[in-house]
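An overview of the molecular structure
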Amino acid sequence: MLEAEAIAANRANWDDRADVHVRSQMYDVDAFLADPSDISSVVRNDLAVLAPHLPESGIEGLSLLHLQCHIGTDTVSWARLGAGEVCGLDLSPNSLRHAARIAEADGRDIAWIEGDARFASTLIDRRFDTIVTSAGTIVWLPELTAWARSIHDLLEPGGVFLIRDDHPILGAMGFEPWEIDDDYLGGGDARVYSDSGTYTEDSAGQVEHTVNHEWRHDLGEVVGALLGAGLVIESVVELPYMDWPAFADLVACEQGWTLPEGKPRIPLNFGVVARRPRD
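A brief structural summary.

What counts and how
Residues numbered from 1 in each chain as written. Predicted model: local features only at pLDDT ≥ 70, side-chain atom pairs only at ≥ 80, totals over all residues. Heavy atoms only, no water. Axes fitted to C-alpha atoms, helices over the stretch in contact; angles between N-to-C directions. Helix = DSSP H or I, 4+ residues; strand = E, 2+ residues; numbered from the N terminus. Contact = heavy atoms within 4.5 Å. Nonpolar A, V, L, I, M, F, W, Y, C, P; charged D, E, K, R; others polar. Phe/Tyr/Trp six-rings, centres within 6.5 Å; stacked < 30°, edge-to-face > 60°. Buried < 20%, exposed > 50% of the residue type's maximum accessible area, 1.4 Å probe, protein only. Polar contact = N/O pair within 3.5 Å; in protein donor to acceptor, adjacent residues only side chain to side chain. Arc of directions from axis to C-beta. Salt bridge = Lys/Arg side-chain N within 4 Å of Asp/Glu carboxyl O.

1. A few points about the packing of helix α1 (residues 3–23) against helix α5 (residues 93–105)
At a minimum axis distance of 7 Å, the contact between α1 and α5 shows a crossing angle of 35°. Contacts between α1 and α5 pair Arg-11, Trp-14, Asp-15, Ala-18, Asp-19 and Val-22 from the former with Pro-93, Asn-94, Ser-95, Arg-97, His-98, Arg-101 and Ile-102 from the latter. The residue makeup of the contact of α1 with α5, split by class, is five nonpolar, three polar and five charged.

Rendered as C-alpha cells:
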C-alpha cells in the first residue's frame, strides 16, 4: 500500500476513535470539564519528565505546541497549568472538532491545526518556547527525519521539546510480554492490522474504519533524528509505567499502569528532552 493510502486509512480510523474516546470513562470529558483544576494523568507524567528542563516558573507563560493532540484534553491541561499561547495539531479533523468543543467549554483560546506532525513547520508560521508529544504518537509516523526537522524549526532558539511515549520494546513484544515477535529496530515496513475497538473500555465493534498502519521507531532512531535535526539532547529516560493498560499483567499505579512485583523489570515508557541551541 502507498504511504498516502496508509495515512488516509489511519486518519479515518482516528476519526472513528475520537467519537468513541470522547464518550469513554477513560477520558471522562464531563468530569474533566467539571473540575477546572483537573490535569490529565498524561500531562502530569509529561511534566514530571519535562520540569527539570523548564525555568523556575515552570510552564507558566511559555508558548506551547502539542503535536498529535487528539481530542485535546491534554492540550487543555497544559493551558490549565499556565502555558501561554497554546496550539494543538492532529491528523484527524474529527479529533480536532472534539478538541475545539472541549477547549471552548473550558474557556480556553487554543488554536487547532489539522495536519501531519512530520510537516508541522509548513503548516504553522510561528515558533514556540515548548513543544510536546506523548502517549502513543510516533508509531503513526512513517519516518522521523522530517518530524525532527519540523520540531527544530518550530522551536524558539533555546526552546525545549519533550517526547514521552510507549517504549518500542513493547511493540516488538506485541504488547504481550514476554516473547519477541515483531521488529524492535525501525526502518522496516508498516505493521498493518485490523481492530474494531480501541484502547478505551468496552470499545469492541465501535470503530468502523478498522485498518491500522504502524511504523516501528527504536530509541536510537528517535534520538538520532533529533540530533540530526540540530537539537541538543538533555535527557533520555526509560520509565517503569505507562498511560494505558496495554496488556493483562499491568496493575494500576500513581502514574497509570505498571508491572506487579516479581515480574522482570522492563521499560514501559521512554522520555527524551531536547533543546534547540540559541542562535
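2. Some points on the packing of aromatic side chains
All told, the structure shown has three aromatic pairs when counted by the stated rule. Ring centres 5.7 Å apart and planes at 80° place the aromatic pair Trp-147 and Phe-161 in the edge-to-face group. One end of the pair, Trp-147, is in helix α6 (residues 145–154); the other, Phe-161, is in strand β5 (residues 155–166), with 14 residues separating them in the sequence. Phe-161 matches Trp-147 in its accessibility class, with the two residues each being buried. For the ring pair Phe-175 and Trp-244, a centre distance of 5.5 Å and an interplane angle of 45° mean the geometry is tilted.

3. Things to note about the side chain of Arg-164
On the secondary structure map, Arg-164 appears in strand β5. Side-chain polar atoms of Arg-164 contact the side chain of Asp-46, separated by 2.7 Å. A distance of 2.8 Å separates a polar atom in the side chain of Arg-164 from a polar atom in the side chain of Asp-243.

4. Describing helix α8 (residues 219–228)
Among all positions in α8, only Leu-219, Val-222, Val-223, Ala-225 and Leu-226 are buried. On an axial view of α8, the arc spanned by its buried residues comes to 160°, and they lie on one face. Summarising the contacts, the buried residues of α8 are in contact with α6, β5, α7 (168–172), β8 (232–239) and β12 (269–275). Taking the backbone nitrogen of Gly-220 as reference, a side-chain oxygen 3.1 Å away marks Asp-218 as the first, capping residue of α8. Immediately downstream of α8, the backbone of Gly-230 shows phi near 100°, a positive value.

5. Quick look at the pattern of salt bridges
This structure, assessed with the given rule, holds 15 salt bridges. When the shortest N-O distance is used, the salt bridge between Asp-116 and Arg-118 registers 2.7 Å. For Asp-116, a relative accessible area of 14% translates into the label buried. In this structure Arg-118 comes out as buried when scored by relative accessible area, which is 4%. For Asp-153, the salt bridge is made with Arg-149, and the minimal N-O distance between the two is 3.7 Å. Linking Asp-153 with Arg-149, this pair stays in helix α6, spanning four residues, or about one helical turn. Residues participating in the shared-partner salt-bridge network are Asp-182, Arg-191, Glu-214 and Arg-216.

Spatial relationships are all this shows, so hold off on functional conclusions.
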